[in-house]
Amino acid sequence: MEAKNSGLSEDWLALVLGLFIFILSLGVFGGMDILGWGVGNKIWTDPSKGLFPISKSYQSVKGDISKIEGKKLTLKKADGTEDTITVQEETSGLKVGDKYEKHGISGFISLVMTYLAMLLLMMAGAWLMKANIGKFAIGFTVIFWLSYLCWFLGSFAYFAATKNQLATFKIPWALSLTGEGGFVIALILGLIVGNFFPGLATYLKEAAKPELYIKTAIVIMGMGLGLTAAKSFTLAQAVLFRGLCAIVEAYLIYWALVYYIARKYFKFSSEWAAPLASGISICGVSAAIAVGGAIRARPVVPIMVSSLVVIFAVVEMLILPFFAQTFLWREPLVTGAWMGLAVKTDGGAVASGAITDALVRAKALDMTGVKYQEGWITMTATTVKMFIDLFIGIWAFILAIVWCTKIECKEGEKVRVIEIWHRFPKFVIGYVVTFLIFLAICLPVNRAIVPVEKQIKPLKDEIAATEKKLKATTDPLVQAELNTKIKAAKDKIAPLSDQIKQPKAMLSFAELASGEGNTFRVLFFVLTFFTIGLVSNFKKLWEEGIGKLAAVYVLSLFGFIIWIGLFISWLFFHGVLPPVVS
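Residues numbered from 1 in each chain as written. Predicted model: local features only at pLDDT ≥ 70, side-chain atom pairs only at ≥ 80, totals over all residues. Heavy atoms only, no water.

S.K.: Looking at this structure, how should I read the overall build of the chain?
M.R.: A count of helical and extended segments in the chain gives 22 helices and 6 strands. A buried classification covers 54% of the 582 residues belonging to the chain. Partitioning the intrachain contacts of the chain with sequence separation of at least 6 by distance along the chain shows that 77% fall at a separation of at least 24. (Helix = DSSP H or I, 4+ residues; strand = E, 2+ residues; numbered from the N terminus. Buried < 20%, exposed > 50% of the residue type's maximum accessible area, 1.4 Å probe, protein only. Contact = heavy atoms within 4.5 Å.)

Written out as structure tokens, the structure is:
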């Protein structure tokens, strides 16, 4: 949807904002930790310990030095854990056993800095969109702090901790929602404001842009998924191929059924039936707007359909992830594909994938002790949704031809191929770029590391077993023999470790860059949830006569789309599991 006053569209702005944050995150490869002050949060019982700057370079640290490797210090902290940090100062005057302390910035200061950076970035975006910058700044400030409060509350241990973490936090029970429960809290608060405080919702309207926030988040998310895919490339290929097959099959079934029902049983005209079928079956808001424009529908048509899409995406986000956790936790990637096929907005689908990722992994850990690697369910949902988005321009072009040649034939009117580009979702370009760049960086590095680590592992196992025997004996001859064996194994490990030292450093830079980018991805996610609720005024939409359209939506969505989506997801992803964290 184009922004008013012919400013930059939200689609293009999301691409620009996402790539800008991505480029800044790459500074770590050149020794510049540009985004490390960004705020992170963790599960807490003491609120003062819930916030921290995401990079160790900006964190306070204190402990006894147990190892020195150039600029890297390994510290043993008061709680007995060890932490490795990179320092800027000269380390030649330090020695093992010395106490070391570095003062960083507090979690609250990190949060304030993050807010100010986000505010400046989004005000620049508002200027590019030719929005009212003053109103946007005020609205964004209120939305940011309310959204972040929800996100922070979602990390309260009684909400977020999984069963294996109860002892750590010394609590008797928890809801096991993980930190992503904050998304649901933000959505609920947004719905309360949007439906019970319409005056406030109107006041915040200038900055209530869920599509902009989620598309920016998706661009940033590409880097994290590229890193994830590089670590298990064969599985990533399977996800991409199966995702493409799944959406092609879903397209062929969904659109025709919805269009037929709208025309045959609800007597809608083609002008209403085509955007409605596209909104329900393809990509929600973007598809409804693109198809409405392609067939030259009146503006009210895609607006009404888009409103429905947002409303039902909210309903699905509140129901489907928990349904998936309860009944489908043994099939993690099925749940991800299902979110991508069933939830009809970019924000809803990807956000539902993120919630499902957390819920299903927590359930699997609680029930079986299996810890799946984070991100694969979200990646599956996102991949399926992105493939769907790729077809919006093509589908709009096809329908424009059908309308021009068969339904509303006008003499001399032709449809240009360039229309595919005009209707193509531009933010997808950013997602693909960040994904491919990180895949290109991390894939060769990971392929260099994995085979060498496979050689190192049995040697480490041998050392551990030998050290165990060493502790159990007092015979000097046996001890000497065992020490010789340990030394021989360590001598074999040393050159192997040197061989992968540089690749592992590169991978650690990639993980740091991805983590820092992910901080902002999460912020855009939580802004999305809150503003989706904020713009969903159910009473107003009902007064505008949306009831008959809603009937088609309810019948189609809950009658067959959700279940066909589940069947197709099961068909293509049944038995495909994420990597397990050892």
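S.K.: When you look at unusual backbone geometry in this model, what are you seeing that I'm missing?
M.R.: Negative phi characterises most residues that are not glycine, and trans characterises most peptide bonds. If you check the backbone angles, Lys 130 has positive phi at about 60 degrees while not being a glycine. By secondary structure assignment, the location of Lys 130 is in the loop between helix H2 (107-128) and helix H3 (133-153). Of note in the backbone geometry, Lys 267 takes a positive phi value of approximately 60 degrees without being a glycine. Taking the relative accessible area as the measure of exposure, Lys 267 reaches 63% and is therefore exposed.

S.K.: Honestly, the pattern of salt bridges in this entry has me stumped. Any pointers?
M.R.: Taken as a whole, this structure holds 8 salt bridges when the rule is applied. In this structure, Lys 99 engages Asp 64 in a salt bridge whose closest nitrogen and oxygen atoms are separated by 3.1 Å. Of this pair, Lys 99 sits in strand E6 (residues 99-102) while Asp 64 sits in strand E3 (residues 61-69), and the two are 35 residues apart along the sequence. Owing to a relative accessible area of 70%, Lys 99 belongs among the exposed residues under this scheme. Across the pair Lys 457 and Asp 461 runs a salt bridge, and its minimum N-O distance is 3.1 Å. Pair noted here: Lys 457 and Asp 461 are both in helix H18 (residues 427-472), with a separation of 4 residues, about one helical turn. (Salt bridge = Lys/Arg side-chain N within 4 Å of Asp/Glu carboxyl O.)

S.K.: Explain the packing of aromatic side chains to me, please; I cannot follow it from the model alone.
M.R.: The relative placement of two aromatic rings is captured by the distance of their centres and the angle of their planes. Throughout the structure, instances matching the rule amount to 23 aromatic pairs. Centre to centre, the rings of Phe 144 and Trp 145 are 5.4 Å apart; their planes meet at 85 degrees, and the pair counts as edge-to-face. Ring geometry for Phe 156 against Tyr 158: centres 5.4 Å apart, planes inclined by 50 degrees, an arrangement best described as tilted. Under the relative-accessibility criterion, Phe 156 is labelled partly exposed at 24%. These aromatic residues form a ring-pair network of at least three members: Tyr 115, Phe 136, Phe 140, Phe 144, Trp 145, Tyr 148, Tyr 213 and Phe 524. Lying over the aromatic face of Phe 525, Arg 521 brings its terminal NZ or CZ to 4.7 Å of the ring centre. (Phe/Tyr/Trp six-rings, centres within 6.5 Å; stacked < 30°, edge-to-face > 60°. Lys NZ or Arg CZ within 6 Å of the ring centre and 35° of its normal.)

S.K.: Looking at this model, I keep getting lost on the packing of helix H13 (residues 332-342) against helix H22 (residues 547-573). Mind explaining?
M.R.: Packed helix pairs are characterised by how far apart their axes lie and by the angle those axes make with each other. Taken N-terminus to C-terminus, the directions of H13 and H22 make an angle of 140 degrees; their axes are 8 Å apart at the nearest point. With respect to each other, H13 and H22 are oriented oblique. H22 is crossed by H13, and the crossing has right-handed handedness. Contacts between H13 and H22 involve Leu 333, Val 334, Ala 337, Trp 338, Leu 341 and Ala 342 from the former and Leu 557, Ile 562, Trp 563, Gly 565, Leu 566, Ile 568, Ser 569, Trp 570 and Phe 573 from the latter. Classifying every residue of the contact of H13 with H22 gives 13 nonpolar, 2 polar and no charged. (Axes fitted to C-alpha atoms, helices over the stretch in contact; angles between N-to-C directions. Parallel < 35°, antiparallel > 145°, perpendicular 65-115°, else oblique. Left-handed = near helix turned anticlockwise from the far one by under 90°. Nonpolar A, V, L, I, M, F, W, Y, C, P; charged D, E, K, R; others polar.)

S.K.: I'm lost on a nonpolar patch on the surface in this one. Help?
M.R.: A cluster of nonpolar side chains, Ile 138, Ile 188, Ile 192, Phe 196, Phe 197, Leu 200, Tyr 203, Leu 318 and Ile 319, forms an exposed patch at the surface whose accessible area comes to about 850 Å². Counting only elements with at least two residues in the nonpolar patch, the list comes to helix H6 (181-196), helix H7 (198-203) and helix H12 (300-327). For the nonpolar patch, the element with the most residues is H6, which contributes 3 residues. (Patch = residues over 30% accessible without salt bridge, like charges linked within 9 Å, V, L, I, M, F, W, Y side chains within 5 Å. Areas by Shrake-Rupley, 256 points an atom, 1.4 Å probe, with all protein chains shown as cover.)

S.K.: Whenever I open this one, the sheet that holds E6 confuses me. Can you help?
M.R.: Either a parallel or an antiparallel arrangement is found when strands of a sheet pair, and the pairing is made through backbone hydrogen bonds. In space, the 4 strands of this open sheet follow the order E5-E4-E3-E6, with antiparallel pairing throughout. The open sheet has two edge strands with one neighbour each: strand E5 (82-86) and E6. For this sheet the average axis-to-axis angle between neighbouring strands, irrespective of direction, equals 45 degrees. (Pairing = 2+ DSSP bridges.)

S.K.: For this particular structure, what's the right way to read the nonpolar core?
M.R.: Within soluble globular proteins, side chains that are nonpolar generally end up buried alongside one another. Within the largest apolar cluster, 151 residues are counted, with the highest numbers of intra-cluster contacts made by Phe 140, Tyr 148, Trp 338 and Phe 524. Once residues lying within four places of it in the same chain are set aside, the contact partners of Tyr 148 are Val 39, Gly 40, Asn 41, Leu 51, Leu 111 and Leu 523. Core analysis: the second largest hydrophobic core is formed by 7 residues, Ile 65, Ile 85, Val 87 and Tyr 100 among them. (Core = buried A, V, L, I, M, F, W, Y, C linked by side-chain atoms within 4.5 Å.)

S.K.: Would you explain the packing of H2 against helix H20 (residues 501-534) in this entry?
M.R.: Put simply, H2 and H20 touch, their axes get as near as 12 Å, and they point 70 degrees apart. Considered as vectors, H2 and H20 are oriented roughly perpendicular to each other. Listed contacts from H20 to Thr 114, Met 118 and Met 122 of H2 are Phe 520, Leu 523, Phe 524 and Leu 527. Across the contact of H2 with H20, the residue classes break down as 6 nonpolar, 1 polar and no charged.

S.K.: What exactly am I supposed to notice about the environment of Cys 150 here?
M.R.: Locating Cys 150 in the fold gives a position in helix H3. As for Cys 150 and Ala 186, which are separated by 36 residues in sequence, their C-alpha atoms are 5.1 Å apart. Not counting the four nearest positions on each side in its chain, Cys 150 is found in contact with Gly 182, Ile 185, Ala 186 and Leu 189.

S.K.: Would you explain the environment of Leu 507 in this entry?
M.R.: Considering the arrangement of structural elements, one finds Leu 507 in helix H20. Leu 507 sits 58 residues away from Ile 449 along the chain, and the two C-alpha atoms are 9.4 Å apart. When neighbours within four sequence positions are excluded, Leu 507 is seen to be in contact with Leu 227, Cys 442, Val 445, Asn 446 and Ile 449.

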